[in-house]
Amino acid sequence: MSSVRLATTKVGTRKSDIHLTYKAPTMSSTTTTANTDTVILGAGIIGVSTAYYLSLSSSSEIHLIDPSPTLFWSASGFAGGFLARNWFAPEVSSLGALSFAEHARLASAHDGRRNWSYAPSTSLGYSAVAADKGVKKRGDDWLRSGTSRAEAAPELPVLSVEDLKKKTPAWLKRREGDDVEVIGGEGDAAQLEPERLCRFLLSEAEGRGVKVSQGAEAVEVLRDGPERVVSSVRLRDVKTGEEREVKCSRIIITAGCWSGHVWEKLFGATSPTVKRLPVTSLAGHSLVVKSPRWAGAVDGEGCHAVYTSHDVFCPEIFSRVGGQIYFAGLNSAAVPLPNVAEGSKVRSESMELVKQAARELLGSGDDEEDDLEVVREGLCFRPLTPWGLPIVARVPDEHLGGGIQTKPGAEGGVFLATGHGPWGISMSLGTGIVMSELVQGRPLSADISALGFEKVIGKAD
């Protein structure tokens, strides 16, 4: 087993080092436990990551279920794919560092550069005027205040004018008197195309026997035996209404913004403490464009992530390996969540604001000539909790309600992995690793003690 040394930053303190040891499980490390079939509800990047890592170390059946007829139609397909090592609040720093290291390991093992555009990234803060270097905030505060999550980046040494010029991308339009600073180096940040990573994980999981059901929703938890423990889940086809049962002793809810809907349908009506899961949604519009000033990264060259500001929002701009540029940052909690991810549609007025900002920041010449080619428009929804941290935990049986019981220890249980906010892609692989360990009762590779179910109870209504 090899040891990976990872650094993390705590807000208001100096950098401190943490030591994590994680060995990717292989088929040779498979464990066998009778009657521990698993149903994973939600096939976004957290769900497919969990299925992937669980399939590496479990011989029991794994069922991945999603009500959307088309997968990866929300953040798992339309997010920017920025990865950070140490931009996190202390409570998730261990999970974030584990995930960042695993993204690098997986990309190295499976040619991630070619298969899902994985690349180290230089992160820049850009302002059209000289920037006011104020107090940095936690990585979740940008959701509340409308500012940039780049404010969570650790302090880095100031570069010389010449070195800074070398690190500034040609595709970013510069103005007289503007300000650029490096806020993340290639050892601290990377990026990828989320949908392509999701499809890789899904394909690998299916190759190991994971069963996938699209366009199916869980409508009831069924119980069996004298103790009436969880034995299966009843599914309904969202188009035909046809129902069937899938046997399981473990249920993992990884449905992102829809996790609350899943909870309410299966447990909320009878739970004595948690009627509604406190997970809400933040909608974000995005563009993928091509620019004559960006032809793509060559071997050995990284990409750029630029965090800046505009009249009404804080754009995030990522140049990708294949020659495209991702542009986003216009977020709103007021856009209603559709019943399934595939039902989301971009709002023309919001998209026009994003396009205008893209022309101003990426366009050619003083007249902001529109020489950008729009490749794709997107709308995604990211799951939030009121306290700004994800939930990665087992749910104690007493909160399930209705007399629902689960098998003890690694033989059963109901689990949650949701609420990652803007960091779902970045923390995806680490979450998948830890969830696979948690449900199997194995030692955990990251500290998730602050991500338990206790805050859910306090915030639920």
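Scroll up a little and you will see the structure.
Below you will find a few notes about this structure. The shown structure was predicted, so the numbers you read here are calculated from the model rather than taken from an experiment.

## Things to note about the overall build of the protein
Working step 1: From N to C terminus, the protein includes 11 helices and 20 strands.
Working step 2: Within the protein, buried positions represent 57% of all 461 residues.
Working step 3: Partitioning the intrachain contacts of the protein with sequence separation of at least 6 by distance along the chain shows that 75% fall at a separation of at least 24.
Working step 4: Element-wise, carbon and sulfur atoms account for 50% of the exposed surface of the protein, whose accessible area totals about 19000 Å².

## Examining the packing of aromatic side chains
Working step 1: Under the definition given, this model contains 15 aromatic pairs.
Working step 2: Taking the centre distance of 6.0 Å and the plane angle of 70° together, the rings of Trp 73 and Phe 78 count as edge-to-face.
Working step 3: Phe 78 sits in the buried class, given a relative accessible area of 12%.
Working step 4: Pairing Phe 88 with Trp 423 gives two aromatic rings, centres 4.9 Å apart and planes at 80°, and the pair type is edge-to-face. With a gap of 335 residues between them, Phe 88 in the loop between strand S5 (82-84) and helix H3 (90-109) and Trp 423 in the loop between strand S20 (413-418) and helix H10 (428-439) connect regions that are remote in the sequence. With respect to burial, Phe 88 and Trp 423 carry one shared label: buried.

## Here we look at the nonpolar core
Working step 1: Among the nonpolar cores identified, the biggest contains 104 residues, and Phe 82, Leu 106, Ile 251, Trp 263 and Phe 267 are the most heavily contacted of them.
Working step 2: It is helix H1 (residues 45-57) that provides the largest number of residues to this core, a total of eight residues.
Working step 3: Of all hydrophobic cores here, the second largest spans 26 residues; its members include Leu 287, Phe 313, Val 321 and Leu 330.

## A closer look at the environment of Gly 112
Working step 1: Tracing the backbone shows Gly 112 in helix H4 (residues 112-116).
Working step 2: As for Gly 112 and Arg 196, which are separated by 84 residues in sequence, their C-alpha atoms are 9.5 Å apart.
Working step 3: Contact partners of Gly 112, with chain neighbours within four places excluded, come to Ala 107, Ser 117 and Tyr 118.

## As for the pattern of salt bridges
Working step 1: Considering all chains together, one arrives at 16 salt bridges under this definition.
Working step 2: Note that Arg 105 is salt-bridged to Glu 102, the shortest N-O span being 2.8 Å. Within this pair, Arg 105 and its partner Glu 102 are both found in helix H3, separated by three residues, close to a single helical turn.
Working step 3: On the basis of relative accessibility, which here comes to 32%, the residue Arg 105 falls in the partly exposed class.
Working step 4: With a relative accessible area of 1%, Glu 102 lands in the buried category.
Working step 5: A salt bridge links Arg 359 to Glu 352, with the shortest nitrogen-to-oxygen separation between them at 2.9 Å.
Working step 6: Each of Glu 220, Arg 234, Arg 236, Glu 243 and Glu 245 takes part in one network of salt bridges that share partners.

## Things to note about the sheet that holds strand S11 (residues 229-237)
Working step 1: The antiparallel open sheet is built from three strands, whose spatial order is S10-S11-S12. The open sheet has two edge strands, strand S10 (216-224) and strand S12 (243-247), and neither has a second partner. Going across the sheet, the axis of each strand differs from the next one's by a mean of 30°, ignoring polarity.
Working step 2: Summarising the sheet, S10 and S11 pair through eight bridges and their orientation is antiparallel. When the bridges of S11 are listed, Ala 218 appears paired with Leu 235.

Criteria and cut-off values
- Residues numbered from 1 in each chain as written.
- Predicted model: local features only at pLDDT ≥ 70, side-chain atom pairs only at ≥ 80, totals over all residues.
- Heavy atoms only, no water.
- Helix = DSSP H or I, 4+ residues; strand = E, 2+ residues; numbered from the N terminus.
- Buried < 20%, exposed > 50% of the residue type's maximum accessible area, 1.4 Å probe, protein only.
- Contact = heavy atoms within 4.5 Å.
- Areas by Shrake-Rupley, 256 points an atom, 1.4 Å probe, with all protein chains shown as cover.
- Phe/Tyr/Trp six-rings, centres within 6.5 Å; stacked < 30°, edge-to-face > 60°.
- Core = buried A, V, L, I, M, F, W, Y, C linked by side-chain atoms within 4.5 Å.
- Salt bridge = Lys/Arg side-chain N within 4 Å of Asp/Glu carboxyl O.
- Pairing = 2+ DSSP bridges.
- Axes fitted to C-alpha atoms, helices over the stretch in contact; angles between N-to-C directions.

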